[in-house]
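Analysis of the macromolecular model
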Amino acid sequence: MTIIIADDDKLIRAGIKKIIQDNLEGEHEIIDAQNGEKAIELCRKIRPQVIITDIQMPGMTGVELMQQISQWEHRPSIIVLSGFNDFNYTKSALTSGAIDYILKPVDTNEIISALRRAMACVEKTEKDFKEKTLRKIIQDGHSEGITIEGDFFCVCVSVAENVREKQGRIPPESAEDFFTGITPLYILERRKNFFIALLEQNGIERMESDALFECCAVGVSEKCQNLSELRKISAQAYSALLEAFFADDNSGGKKVNGIYRYDSSSLDMDFNEIDRLYEKFIAAIDTTSYDGIQKFLNALLDFGNLEKNARGEKLYYIHDKIARDLVKRYAQFQETDSYLYTKSLMIENVHRANSLDDWKKSISDYAFYVTSLLRNKQEKYPFITKAVLYIQKHFSEKISMTTVANEVNSNYTWFSEKFKEQVGMNFNDYLKNYRLEQAKALMEKGIYRVYEVSEKVGFKDVKYFMKIFHEANGMSPGKWMQLHEKK
C-alpha cells in the first residue's frame, strides 16, 4: 500500500512510520505530509490507499481534509489521530468516512490493527470497482482499459436448496465464501442461490475436485483471454449450465447437478425457426388463442432432434428471448398483478426450475393468464383483436391508425380511445415498438445492413429509425447488432 501520514508534528510522523515498518507485514510506501494542504496535493498526484491524519492541524484540519476526500470517486481509507477524547471530534471523523479514531499517544497494536482493517477495506473497494467495471463490459462490450493476466473462464453456478444439509458448508448466498480457496475470483452477478464468476484454470480444477459442487449445477465457458468477450463467455457459461436439464434422457427434463462445459465445435442452430415459432406463440397470445399458445410453446420447446450439447444453447436462446421480450410486452398487466409478477420471476430464473416441464408450465401459466385478461378486455371490442392481427401482418407496409381503423370498420376517434384502453399504449407507440422488436430479430441474423433492416420493418427514413432505436435501447442499431449477433 501507499500510506500518507499527515501531522504537523515531525516526531509523531517519524514514530508512526517506524511502527508501520517494524510491525505491518508487506512492503509499503510511506509518505510524510506536514499539513492538510500537502496531504491533498499528494493524494491528487499518487492516489494513496490509506491516509493517517491528525484531526487538529494548522490551516486545513483533518476534518476538512476528510470532507474534501469524501467527494472523490476513488477515496482512500482514513485513520484519524487525535489528542482529544471528545465525542464531537469522533463523530466528525466517522461521519466524514474515517474507519478508525485513535487517541494519542499512539498504541502500536491499535494502529496496526486499524491499518489491517484499512488494507481489507482497500482490497474490497478495489475488487468491487473491478467487478463493477467487468459488469459494464458485459453490458456494452468495451474493455475499459483493465486486464486479467492469462487464461480465464466464466462459470454459472446454481446452488441446490439443500446444499447445507448435504455438505454442512457456508450459506449459499455468499459467493465469495462459496469459492474459498479459488482465486482470482470476480463475481459478475449475484442472486439467491445463483452467481456468475470469473475463474482461472486452477480455479476450475479446484472446483471440479470439491465435493461441495456436487450439490450444484455449474456451467463453464470456453477458455478466454480477451475481456471484450465477457458477454460472449457469460452466455456460454449459462448455456452450459442449462445442459443440466438434458444430462439424463430418461429423467424427463429433470435438472441433474454436475459440471457442464460449453463446446461450440458441434453447434449448428437454426435460430430463424426459433424466431418464427416465438412470433407465432406471441401472436397466439395477442389473438387470445389458448390452443395456439400450447401448440407453438410445445413446438418452441421441442429439443428432440438436437445433440445434447446443442440443447442448452437452444434453451439459452429461448430463455433470453422470453425473459427479454415476453414480460416486457405485457408489463401493463404485471405491474398490478402479484400472480403475474411471481410467474415472471420463475420464467426469468430458469436455472431454479426442478425440471424443464416446470419451467414450461410457468410460461404457459403466464401466457394463459395474460390471454384471459386480454380476452376479458377484448370481448367488448373484437375489432381491437382484428387490428392487432392486421398490424402484425402488415407492419412492414406504410400503415397508419386511419388505415387500420378503416380496415376493421371502426370510427377513428373511437378506435384510438379503445385501442389505448385495451392494449395499454396508443396505436403509434404499439406500431413503433412492434417494428423495433422485428428489427432486433432481423439484426440478430447478422445478414442485413442497418438501412435494409429499417426498410424491412417499415421505417423508410433510416435516420429516424436509428434515432428512435437509440432512444428505446440506449445504443445505436449497429452497436446492438454487434453485441447480439448470433455466433
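Residues numbered from 1 in each chain as written. Predicted model: local features only at pLDDT ≥ 70, side-chain atom pairs only at ≥ 80, totals over all residues. Heavy atoms only, no water.

**Some remarks on the nonpolar core**
In summary, soluble globular proteins display a tendency toward joint burial of nonpolar side chains. Grouped together as the largest cluster of nonpolar side chains are 61 residues, with contacts concentrated most on L198, F281, I285, L326 and W359. Broken down by element, this core gets its largest block of residues, eight residues, from helix α10 (residues 271-286). Not counting residues up to four positions away in its chain, the partners in contact with W359 are L301, L315, I318, H319, I322, M346, I347, V350 and A353. Membership of the second largest hydrophobic core comes to 34 residues, among which are F395, F419, I468 and M475. (Core = buried A, V, L, I, M, F, W, Y, C linked by side-chain atoms within 4.5 Å. Buried < 20%, exposed > 50% of the residue type's maximum accessible area, 1.4 Å probe, protein only. Helix = DSSP H or I, 4+ residues; strand = E, 2+ residues; numbered from the N terminus. Contact = heavy atoms within 4.5 Å.)

**Regarding the sheet that holds strand β1 (residues 2-6)**
Spatial strand order, β2-β1-β3-β4-β5: five strands in an open sheet with parallel pairing. The two strands at the open ends of the sheet, each matched to only one other strand, are β2 (29-33) and β5 (98-103). Averaged over all neighbouring strand pairs, the angle between strand axes comes to 20 degrees, with direction disregarded. Bridge count between β1 and strand β3 (residues 50-54): four bridges; the pairing is parallel. Looking across to β3, one finds that I4 is bridged to I51. Here helix α3 (residues 62-69) sits on the sheet in contact with β3, β4 (77-82) and β5, set at roughly 150 degrees to β3. (Pairing = 2+ DSSP bridges. Axes fitted to C-alpha atoms, helices over the stretch in contact; angles between N-to-C directions.)

**Some thoughts on the packing of helix α16 (residues 382-394) against helix α18 (residues 412-423)**
In contact at an axis separation of 10 Å, α16 and α18 are set at 85 degrees when each is read in the N-to-C sense. Taken together, the axis directions place α16 and α18 in an arrangement best described as roughly perpendicular. Here F383, I384, A387, V388 and I391 of α16 come into contact with α18, specifically with W414, F415, K418, F419, Q422 and V423. When grouped by side-chain class, the residues that make up the contact of α16 with α18 number nine nonpolar, one polar and one charged. (Parallel < 35°, antiparallel > 145°, perpendicular 65-115°, else oblique. Nonpolar A, V, L, I, M, F, W, Y, C, P; charged D, E, K, R; others polar.)

**Observations concerning the pattern of salt bridges**
Opposite charge on two side chains lets them pair, provided their charged atoms get close. Applying the stated criterion across every chain yields a total of 24 salt bridges. We note a salt bridge from E471 to K467, for which the minimum N-O separation is 2.8 Å. One end of the pair, E471, and the other, K467, are both in helix α21 (residues 462-473), four residues apart, so they sit about a helical turn from each other. In this structure E471 comes out as exposed when scored by relative accessible area, which is 55%. It is possible to trace a salt-bridge network through shared partners that takes in D7, D54 and K104. (Salt bridge = Lys/Arg side-chain N within 4 Å of Asp/Glu carboxyl O.)

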